[in-house]
Amino acid sequence: MMSNRFFESSLSGKLPFQFYGFVIFFSFFSSMRLVLKLPIPYAIYIEVGILLISCLFIAYNYFSLSIPGNRKSSLTLYEIYILSIIILIPIYSAWRAYDTFDQPLIYGLLTQRSFLLAGYALIIFVGIKHGFLKVALLENTLVKSAWVWILLCVFLQLFINPNSLSHLQPSFVGGSDSHHKGFYFKYDSVLFVFGFIYYLFKGFIKNNKYYVALSLPFLFFIIFVLEKRSLILSLVIATTFLSCLLFDRRYLFKLFTKSLLLVLISGALMFALFPEGSENYISKFVDAFSVVITGEPGSNPSANARISELKLIWPYLESGWLTGNGGLSNHWDGGYRGTLGYFYPSDIGFFGSVFVFGFIVTLLIYLQYVFVYFGRANLQPDRNNLLYISCYGVLTVFFIQSFIRSQFLFDVSTTLFFVSVIYGLREYSEHSQTRD
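Cut-offs applied
Residues numbered from 1 in each chain as written. Predicted model: local features only at pLDDT ≥ 70, side-chain atom pairs only at ≥ 80, totals over all residues. Heavy atoms only, no water. Helix = DSSP H or I, 4+ residues; strand = E, 2+ residues; numbered from the N terminus. Buried < 20%, exposed > 50% of the residue type's maximum accessible area, 1.4 Å probe, protein only. Contact = heavy atoms within 4.5 Å. Areas by Shrake-Rupley, 256 points an atom, 1.4 Å probe, with all protein chains shown as cover. Polar contact = N/O pair within 3.5 Å; in protein donor to acceptor, adjacent residues only side chain to side chain. Phe/Tyr/Trp six-rings, centres within 6.5 Å; stacked < 30°, edge-to-face > 60°. Core = buried A, V, L, I, M, F, W, Y, C linked by side-chain atoms within 4.5 Å. Salt bridge = Lys/Arg side-chain N within 4 Å of Asp/Glu carboxyl O. Expected span 1.5 Å × (residues − 1). Bend = angle between axes of the 7 residues up to and from the residue.

Hey, could you go over the overall build of the protein for me, with residue numbers and the actual values?
Looking only at helices and strands, the protein features 20 helices and 2 strands. Every one of the 436 residues in the protein was classed for burial, and the buried ones make up 50%. Within the protein, contacts between residues at least 6 apart in sequence are counted, and of these 74% link residues at least 24 apart. As displayed, the protein has an accessible area near 21800 Å², and 66% of this comes from carbon and sulfur atoms.

Structure, rendered in structure tokens:
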């Protein structure tokens, strides 16, 4: 009775911010696995606890939101898709690892537990579809989360020595004493990407330099702290692509000339103030492209490692590219390192996913972008559509990056969160028109 009264009061609008704000924040925090990106002892056990609580949270809220009052509700194609991802992929990966490497099934299931977090996408989708999660609340929550995240990461970067937290490897701290970067913090990039795209296009749409300036902290952190070349390249391509979709040719030319002038001035200042550092930074990109194009090792250890990893698993790709080989757990026989050598599937993008899941299942994961495409009609340069534009931009960035570094293919809940926002807004719009 208590839960029913609470749910009815939530639907009546008496607790819109407290209840639904918590749903959004909890869903986002959990689906992004941000707990693993914080300097918390025993983070992996905390994540398991959150996962168990999350299963109950998803079950209660999903079924309550999907059946408001006494109305009957049927599953949409998108909901069936998410459920198939949650149920089928962990089971399939566990079976393939057992068949290929004799890894016990329980280890294979546990190593793909992050797919269960895709259930949060169901909550977000159903909440938006029925109009319980408002655009303003979603936008406000994500923007504030982006600022909290970057402030936390800047604090860690300036005042905390990663060497003192080396015991939190591999989830929070990466590298080693022999690594070319030593020990370093592993920051999750999704909120940086969201914050940059949100404020950049808010400035473009409103023609306001203040908002463009607010995008720069996120961009500078990506460029100078994360230093992920694949992410920077994907960000450039995605923002260009999104601008072409949103603006006419005259405004595009204006944006292009201003952006080019800004890049030239910024580059000249960087070379004048930090000539050696700027040269080394550019040489990393040049060397990475050289390694990719020629396939031969260069002077950059990171790029060389990816070539070595691809060569290491190539025999498995040739024999099992269609069905995959399954995911290995670090708690069984040393994981990938103990079985194959130095290898992380997400390092080599699309090929890493094909190695683990096979070509067919990899295409199933990419199928989420079909639902993004269906919602493209809502992509208009309107200030009330800024959340939609930002989510579309984030998904474009990670789609491009996935062919180089495929983290989203293994933490699928990250992108499905934004897909649910886009497709949920589409469904809500259609249902509103039907009611009218």
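Now that the structure has been shown, the text picks up again.
Describe the side chain of Thr-239, listing the residues and the values that go with them.
Following the sequence through the fold, Thr-239 ends up in helix α10 (residues 229-246). Within the structure, Thr-239 has its side chain in polar contact with the backbone oxygen of Leu-235 (distance 2.8 Å). Setting aside residues no more than four positions away along its own chain, Thr-239 makes contact with Phe-196, Leu-200 and Phe-201.

Can you lay out the packing of aromatic side chains for me, pointing to particular residues and giving the numbers?
How two aromatic rings sit relative to each other is given by the distance of their centres and the angle of their planes. The full count for this structure, using the stated rule, is 42 aromatic pairs. Between Phe-201 and Phe-204, the ring centres sit 5.6 Å apart and the planes meet at 80°, which makes this aromatic pair edge-to-face. On the criterion of helical spacing, the pair formed by Phe-201 and Phe-204 is a turn pair, its members being 3 residues apart in helix α8 (residues 190-206). According to the relative accessible area criterion, Phe-201 is buried, its value standing at 0%.

For the environment of Leu-83, give the residues involved together with the corresponding values.
When you line up the elements, Leu-83 lands in helix α4 (residues 77-101). Sequence separation of Leu-83 and Ala-118 is 35 residues, and the distance between their C-alpha atoms is 8.4 Å. In this structure Leu-83 touches Leu-75 and Leu-122, once residues within four positions along its chain are discounted.

So, unusual backbone geometry: which residues are in play, and what are the values?
Here Asp-102, not a glycine, exhibits a phi torsion of approximately 65°, which is positive. Secondary-structure assignment places Asp-102 in the loop between α4 and α5 (105-111). Unusually for a residue other than glycine, Asp-333 sits at a positive phi of about 55°. Looking at where Asp-333 falls in the secondary structure, it is placed in the loop between α13 (301-320) and α14 (335-339). Residue class for Asp-333 comes out exposed when judged on its relative accessible area of 53%.

Now, about the environment of Phe-355: what can you tell me, with residues and values included?
Checked against the element boundaries, Phe-355 lands in helix α15 (residues 350-357). Setting aside residues up to four positions removed in sequence, Phe-355 forms contacts with Phe-101, Ile-313, Tyr-316, Leu-317, Gly-324, Asn-325, Gly-326, Tyr-336, Leu-340 and Phe-343.

So what's going on with the environment of Phe-410? Residues and values would help.
Position of Phe-410 among the secondary structure elements: in helix α19 (residues 407-410). Given the relative accessible area of 13%, Phe-410 is considered buried. In this structure the C-alpha to C-alpha distance between Phe-410 and Val-356, which are 54 residues apart in sequence, comes to 9.5 Å. In this structure, Phe-410 is in contact with Ser-114, Phe-115, Pro-345, Ser-346, Gly-352, Ser-353, Val-356 and Phe-357, ignoring residues within four places of it in sequence.

Tell me about the nonpolar core, and please be specific about residues and values.
By size, the foremost hydrophobic cluster in this structure holds 100 residues, and its most contacted members are Tyr-78, Phe-192, Val-193, Ile-197, Phe-201 and Phe-355. Each residue touching Phe-192, except ones within four places of it in the same chain, is listed here: Trp-149, Ile-150, Cys-153, Tyr-187, Phe-218, Phe-221, Ile-222 and Leu-226.

Lay out the pattern of salt bridges with the relevant residues and their values.
Tallied over the entire structure, the rule returns 4 salt bridges. Between Arg-405 and Asp-347 there is a salt bridge whose closest N-O contact spans 2.9 Å. Of this pair, Arg-405 sits in the loop between α18 (386-402) and α19 while Asp-347 sits in the loop between α14 and α15, and the two are 58 residues apart along the sequence. In this structure, Glu-427 engages Arg-426 in a salt bridge whose closest nitrogen and oxygen atoms are separated by 2.9 Å. For the residue pair Glu-427 and Arg-426, the accessibility class agrees, reading buried in each case. Through salt bridges with shared partners, a single network forms among Arg-306, Asp-347 and Arg-405.

Tell me about helix α9 (residues 209-226), residues and numbers included.
Residues separated by three or four positions in an α-helix point in the same direction, a consequence of the helix having 3.6 residues per turn. Here α9 contains 18 residues, and its C-alpha end-to-end distance of 25 Å stays within 8% of the 26 Å for a straight helix at 1.5 Å per residue. At Pro-217, α9 shows its largest bend, some 25°. Residues of α9 that are buried: Tyr-211, Leu-214, Ser-215, Phe-218, Leu-219, Phe-221, Ile-222, Ile-223 and Leu-226. Measuring from the backbone nitrogen of Tyr-210 back to the side-chain oxygen at the start of α9 gives 2.8 Å, which picks out Asn-208 as the cap. Glu-227 sits one or two residues past α9 and shows a positive phi near 55°.

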